[in-house]
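Structure at a glance
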Amino acid sequence: MREQILEILQELRPDVDFENETALITDGILESFDIVALVGELSDAFGVELHVADLVPDNFNSVDGMISLIEKLRDDE
Amino acid sequence: MTHIKRLSKLAAVILAAVIVGGLINFALVPVMYEHWAQHDRNGYSDRIDTLIVGDSLTMYSVQPSLLDKNAKCFSFNSATAAQFLDESYYLIKDFIAREHIKTVYLGLDYYRFYNVEANDENGLSDIILKRLNDPGVKAEYLREKFKPDDIFDLLFRSRVYSDKITQAASNVKTKLSYEYRHYLPLNEESSYYDRGFVLTYRNEPETEEHDIDLANLRTAEFDMLKKTVELCAANGVKLNVFHTPMKYARMDSIKNYGVFLNAMLEMSESCGFRYCDFNYYRGRGGLSDDTCFINSSHLNGRGSEIFMDWFCKAFTASDEECGGLFDYPTG
Amino acid sequence: MTVFTSAGFIILFVLLMIVYFVVPKKAQTPILLAFSYGFYFMVSRKLPVYMLITTAVTYLSALLLQRITDGQKTYLDDKKAELTGDEKKEIKRKFEKRRKLVLVIGLVINFSFLAFFKYTDFLLDNACSLLANLGLNVEHQALNLVLPLGISFYTFQSTGYMIDVYRKKVAAERNLPKLALFVSYFPQIIEGPIGRFDRLASQFDQKHSFSFDRLKKGICLILWGCVKKLIIADNLAPLVNGISENYSQFGGSQILIGMLFYGIQLYADFSGYMDMASGYSKILGIEIAENFRRPYFSTSLAEFWRRWHISLCSWFKDYLFYPVFMSKGLMKLGKKLRAKGHREAAKNVPTFISMAVVWFLTGLWHGACWPEIVWGFSNGLIMIFSLQFAKAYDGVNKALRIKTDSAVWKCFRIVRTYLLVTLLNFICTFATFRDSLSAFAIMIKNPVPAYLSVSYLFPGIIDRGIVTLAVTLLACLTLFFVSLYEEKKNVLLYEAIMKKSWIVQGLVFILLLFFVLVFAVGGENGLSGGFMYAQF
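Only a predicted model underlies this, so the values are computations on that prediction, with no experimental measurement involved. (Residues numbered from 1 in each chain as written. Chains lettered and ligands numbered in written order. Predicted model: local features only at pLDDT ≥ 70, side-chain atom pairs only at ≥ 80, totals over all residues. Heavy atoms only, no water.)

**Some remarks on the overall build of chain C**
- Counting its regular elements, chain C contains 22 helices and 0 strands.
- Over its C-alpha atoms chain C spans a radius of gyration of 26 Å, differing by no more than 12% from the 24 Å that the globule rule assigns to 536 residues.
- In terms of principal-axis extent, the alpha carbons of chain C reach across some 95 × 65 × 60 Å.
- Buried positions account for 51% of the 536 residues belonging to chain C. (Helix = DSSP H or I, 4+ residues; strand = E, 2+ residues; numbered from the N terminus. Rg over C-alpha atoms; globule rule 2.2 N^0.38 Å. Buried < 20%, exposed > 50% of the residue type's maximum accessible area, 1.4 Å probe, protein only.)

See below:
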């Protein structure tokens, strides 16, 4: 899963070092347009339905955060 | 950092602020006649028995020294620029409280009787406040006029004069001069002369017309006048009211001046004070529009000398004689 | 002159400070609450009835939401073993429905007050013109309702909290005084910023003791706010108002200068007020949200809206943009487009639709009139276009061999953005659309000044004297350099100054204090002192 997510992220924002960043949202590295692009891609790639409530910094600050989010969504379904 | 250290640093900053504030005030607050006027009043305090009030029309016209000679009194001219009628009232009250006033000469300004917004609400004046020596009258004045936001202007007078910053240098120079510090007249075009009177020989030949209509007069002004009459009556003070002469062309441009004149003549009859409008003095022609006026309405030093002759004649004469000195239009 | 600079408020605030720092922690929130309600009454001269109702509705619906949420959790925990996956899903759905219902009812009630006061006349006007166009002439009397003070701000602030509770981001607040204070907090009530519950209300829980450091910073902020609002904004007002009200009397260059200054005046006014609010709040130990971050240094319109009125845009982003974007309808649309291989469109179309909605409503929030709506929508449209044609734009830059990372190019983008913002301001600054177009036409036809005189270039302000004009321009320059410093060093100047020696701090304080005291235009009841020769 990690590889897939990284691939999506790098294509979206090649200028960011997603491997090491842990404050993508709180530091304002990813902007709202990046998030909206990401949401669609992730939901398609992993077959999960994201909700507004999921758009919190913890879930998107790092790749690990995104992994946990997707896993949680999969569990809930 | 110990408390003492911190407090002393804070005290140092506050002290520096007070000093800087004082310096700014010294530089910005302009040289004003107040400096001399108050000194004079305090100096002659026990002797003053006659008070003259009004606005700049009066300030440039009525000379205490000439009045004293003819009326056998000791007078003081506490007229100030743009003085409102209620401010005159407070000044009269103050002088009655502090000096032994027997007579008051109140100079009117037709413009104050004109229905215009600027006349409706005059706020606290720091100049008038300073001229009130009596604590009781001062308190009454403050109670009437003070609004909380005035506190900034009162504590830091430079606020009112911030546009005078370009004159700061000359202002400081004057304030440090020998004449200023010893209350001597400055060698200036319009300088303080004596006991509130300001002498100037400035002269503008052109006349500015005043295209206003006095058909509807401000009743508030008459109410204030009535209050003044009552104040004087209650204190056994003789009240005399007058209007200084203005240039003919100016006079002609004002519509319905007659309404104002008649209202005043009526009031003087019913309230029992003498009213003299020197625009209608039988010798009016003796004042040359070209040489005797600062501008369209204010007499200058030359005009004032001639005017004082008429003024003294009119107010020392009996009622009958006085009536004969004026040629009021009938009807 | 604002309430924050009136002698009455300052005296009351000092009294508040004394009481606030002396009482025990438990009493601090109720005291602030009482002061906030007193402040509301002092400023609006009316009882805060509608704010009370909104507070009550917010408080109760949030508690109810929490009850349902907690109920759902306990129910499922208890019956975890017994239920099947499908049954669990069904129960979750039921509870969700209930929660949604409570939220919707709460939102509708709160927003209906706002809608009623702010938009009734607008709706009636439009309904009548629509009917008139259809041939039916209906007379209606404009209601001219007076908006309850702060309703645009406290409504958004409360509904943000309700939505946060619904999203389980925060727990519902049981302490009514704390919630009431969150809704009515006096530094924010008149002009914002729109605060978030987790960041603002959590500060009400802490004990606040007097801090000399915070007092210094607060006073510095307040004085700086005074410079911006009382010296820059209030003095630019006659220039800007003169042109917006009587544009036909002015030349093209005067309109251009006026509109350029309008941006400065608006920024100085709004951010100056924010600084004062922030300063007072800081003295009490409470930090309010940032609302401006040197917006005129933005290199694009999108960046501008991340730096201007931050709390409003952030509210719209979190509570409108994302919900709309993540709504079933748009998500489905995106999926469909992706399935057909249109990856770009799949990302863009839902985004653009959401943006259109947000910017339409942003315009509407700013004013109940078509010019404001068009203004908002135009902002959105421009940003949509720049997103859509971003790649093409990059291509053009490459072809023209522009060094996009050079300082010159950055300056160009900054100036371009300011001009764009000024252009957009045309839409809603004049009385009607026609006026805006006429004014714009005059400006385009004759942008070069006919005379290079001070009275021609600065009409309006010059009536207040050359000293006032000079001081205003000096203040503008100071503002520019301070902003430049803060932009480059990414630190607030007053914070930097507070780190220097006490002598430097003292000097800065004295400089600011007297600059404001001497030159800030006083209230309408300024002393009638003066040295006037002529009668007036």
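On we go.
**Side note on the sheet that holds strand β2 (residues 75-77) of chain B**
All names here are of chain B.
- Pairing is parallel across the open sheet formed by 5 strands, whose spatial order is β2-β1-β3-β6-β7. Looking along the sheet, the strands with just one partner apiece sit at the ends: β2 and β7 (274-277). Going from strand to strand, the sheet's axes swing by 15 degrees on average, the running direction of each strand aside.
- Here 4 bridges tie strand β6 (residues 238-243) to β7, and the two strands are oriented parallel to one another. Within β7, the residue paired with Val241 across the bridge is Tyr275.
- Along the sheet face, helix α4 (residues 64-71) touches β1 (50-53), β2 and β3 (103-108) and points at about 150 degrees away from the line of β2.
- Lying on the sheet, helix α14 (residues 301-316) is in contact with β3, β6 and β7; it crosses β6 at an angle near 140 degrees. (Pairing = 2+ DSSP bridges. Axes fitted to C-alpha atoms, helices over the stretch in contact; angles between N-to-C directions. Contact = heavy atoms within 4.5 Å.)

**Here we look at the interface of chain A and chain C**
- Listed as interface residues are 19 residues of chain A and, on the opposing side, 19 residues of chain C.
- For the chain A and chain C pair, buried surface summed over both sides reaches about 1,800 Å², with 65% attributable to carbon and sulfur atoms.
- When the area that chain A buries against chain C is broken down by residue, the three leading residues are Phe33, Val36 and Val52 of chain A, summing to 33%.
- Measuring nitrogen to oxygen at the nearest pair gives 2.0 Å for the salt bridge that ties Asp44 of chain A to Arg338 of chain C. (Buried area = accessible area lost by both parts, 1.4 Å probe. Salt bridge = Lys/Arg side-chain N within 4 Å of Asp/Glu carboxyl O.)

**Here we look at the pairing of β6 of chain B**
All names here are of chain B.
- Taking burial as the measure, the 6 residues of β6 include 5 buried ones, the bulk of the element.
- Inspection of the sheet shows β3 paired to β6 by 6 bridges, in the parallel sense. Looking at the pairing, Leu108 lines up with His243 of β6.

**Considerations on the arrangement of the chains**
- Sorting the 2 pairs of chains in contact by contact count puts chains B and C at the top.
- At their nearest point, the C-alpha atoms of chain A and chain B are still 36 Å apart, with no contact between the two.

**Considering the interface of chain C and chain B**
- Each partner contributes to the interface: chain C provides 32 residues, whereas chain B provides 54 residues.
- Between chain C and chain B the total buried area reaches about 3,400 Å² when both faces are included, carbon and sulfur atoms providing 69% of it.
- Put simply, chain C and chain B have 0 salt bridges between them.
- For the pair chain C and chain B, the interface holds 3 residue pairs in polar contact (both at pLDDT 80 or more).
- For the side of chain C that touches chain B, the per-class residue count stands at 21 nonpolar, 11 polar and no charged. (Polar contact = N/O pair within 3.5 Å; in protein donor to acceptor, adjacent residues only side chain to side chain. Nonpolar A, V, L, I, M, F, W, Y, C, P; charged D, E, K, R; others polar.)

**Some points on the domain arrangement of chain C**
Residues and elements named next belong to chain C.
- By domain assignment, chain C separates into domain 1 (3-210), domain 2 (211-288 + 451-522) and domain 3 (295-445).
- Put simply, the middle of domain 1 and the middle of domain 3, counted by C-alpha atoms, are 29 Å apart.
- In this assembly, 17 residues from domain 1 lie in contact with 16 residues from domain 3.
- The largest share of the area that domain 1 buries against domain 3 comes from Phe122, Phe156 and Arg196, three residues that together contribute 39% of it.
- For the pair domain 1 and domain 3, the interface holds 1 salt bridge.
- One salt bridge connects Arg196 with Asp318, and the closest N-O pair in it is separated by 2.9 Å.
- Summed over the shared surface of domain 1 and domain 3, the number is 10 residue pairs in polar contact (both at pLDDT 80 or more).
- When contributions to the side of domain 1 that touches domain 3 are tallied by element, the ones reaching two or more residues are α4 (85-133) and α5 (151-166). (Domains from an automatic or database assignment.)

**Comments concerning a positive patch on the surface**
- Judged by side-chain charge, Lys72 of chain A together with Lys80, Lys88, Lys89, Lys92 and Lys168 of chain C come together as a positively charged surface patch.
- At 3 residues, α4 of chain C tops the list of elements feeding residues into the positive patch.
- Looking at where Lys72 of chain A falls in the secondary structure, it is placed in helix α4 (residues 63-76).
- Here Lys72 of chain A falls in the partly exposed class, since its relative accessible area comes to 43%. (Patch = residues over 30% accessible without salt bridge, like charges linked within 9 Å, V, L, I, M, F, W, Y side chains within 5 Å. Areas by Shrake-Rupley, 256 points an atom, 1.4 Å probe, with all protein chains shown as cover. Lys, Arg positive; Asp, Glu negative; His and termini not counted. Charge placed at Lys NZ, Arg CZ, Asp CG, Glu CD.)

**Some details on the packing of helix α2 (residues 32-46) of chain A against helix α12 (residues 310-325) of chain C**
- Two elements in contact, α2 of chain A and α12 of chain C, have axes whose closest approach is 11 Å; the angle formed by their N-to-C orientations is 30 degrees. On the basis of the axis angle, α2 of chain A is roughly parallel to α12 of chain C. The handedness of the crossing between α2 of chain A and α12 of chain C comes out as right-handed. For the pair α2 of chain A and α12 of chain C, contact is made by Ser32, Ile35, Val36 and Val39 of chain A and by Lys317, Phe321, Tyr322 and Phe325 of chain C, respectively.
- For the contact of α2 of chain A with α12 of chain C, the residue count by class is 6 nonpolar, 1 polar and 1 charged. (Parallel < 35°, antiparallel > 145°, perpendicular 65-115°, else oblique. Left-handed = near helix turned anticlockwise from the far one by under 90°.)

**Re the packing of α5 of chain C against α12 of chain C**
Residues and elements named next belong to chain C.
- With their axes 11 Å apart at the nearest point, α5 and α12 run at an angle of 35 degrees to one another. Note that α5 runs across α12; the crossing there is left-handed. Where α5 approaches α12, its residues Phe156, Gln157, Thr159, Gly160, Ile163 and Asp164 are matched on the opposing element by Leu312, Trp315, Phe316 and Tyr319.
- Considered class by class, the residues forming the contact of α5 with α12 number 6 nonpolar, 3 polar and 1 charged.

**Let's talk about unusual backbone geometry**
All names here are of chain C.
- A cis amide bond links Gly192 to the next residue, Pro193, at an omega of 5 degrees.
- Note that Pro193 resides in the loop between α7 (186-189) and α8 (197-204).
- Phi is positive for His309, which is not a glycine, with a value near 50 degrees.
- Note that His309 resides in the loop between α11 (301-307) and α12.
- On the basis of relative accessibility, which here comes to 2%, the residue His309 falls in the buried class.
- In this structure, Arg401 takes a positive phi of about 55 degrees despite not being glycine.
- Within the secondary structure, Arg401 is located in the loop between α16 (390-399) and α17 (407-429).
- You can call Arg401 exposed: its relative accessible area is 74%.

**A few points about the packing of aromatic side chains**
- Throughout the structure, instances matching the rule amount to 84 aromatic pairs over all chains.
- Plain terms: the ring middles of Tyr90 of chain B and Tyr141 of chain B are 5.2 Å apart, the flat faces sit at 70 degrees to each other, and that makes the pair edge-to-face. With a gap of 51 residues between them, Tyr90 of chain B in helix α5 (residues 85-98) and Tyr141 of chain B in helix α7 (residues 135-145) connect regions that are remote in the sequence.
- With a centroid separation of 5.4 Å and 70 degrees between ring planes, the pair formed by Phe480 of chain C and Phe481 of chain C is classed as edge-to-face.
- The ring of Phe74 of chain B has Arg195 of chain B lying over it, and the distance from NZ or CZ to the ring centre is 4.3 Å.
- Between the NZ or CZ atom of Lys118 of chain C and the centre of the ring of Trp365 of chain C, over which it lies, the distance is 4.9 Å. (Phe/Tyr/Trp six-rings, centres within 6.5 Å; stacked < 30°, edge-to-face > 60°. Lys NZ or Arg CZ within 6 Å of the ring centre and 35° of its normal.)

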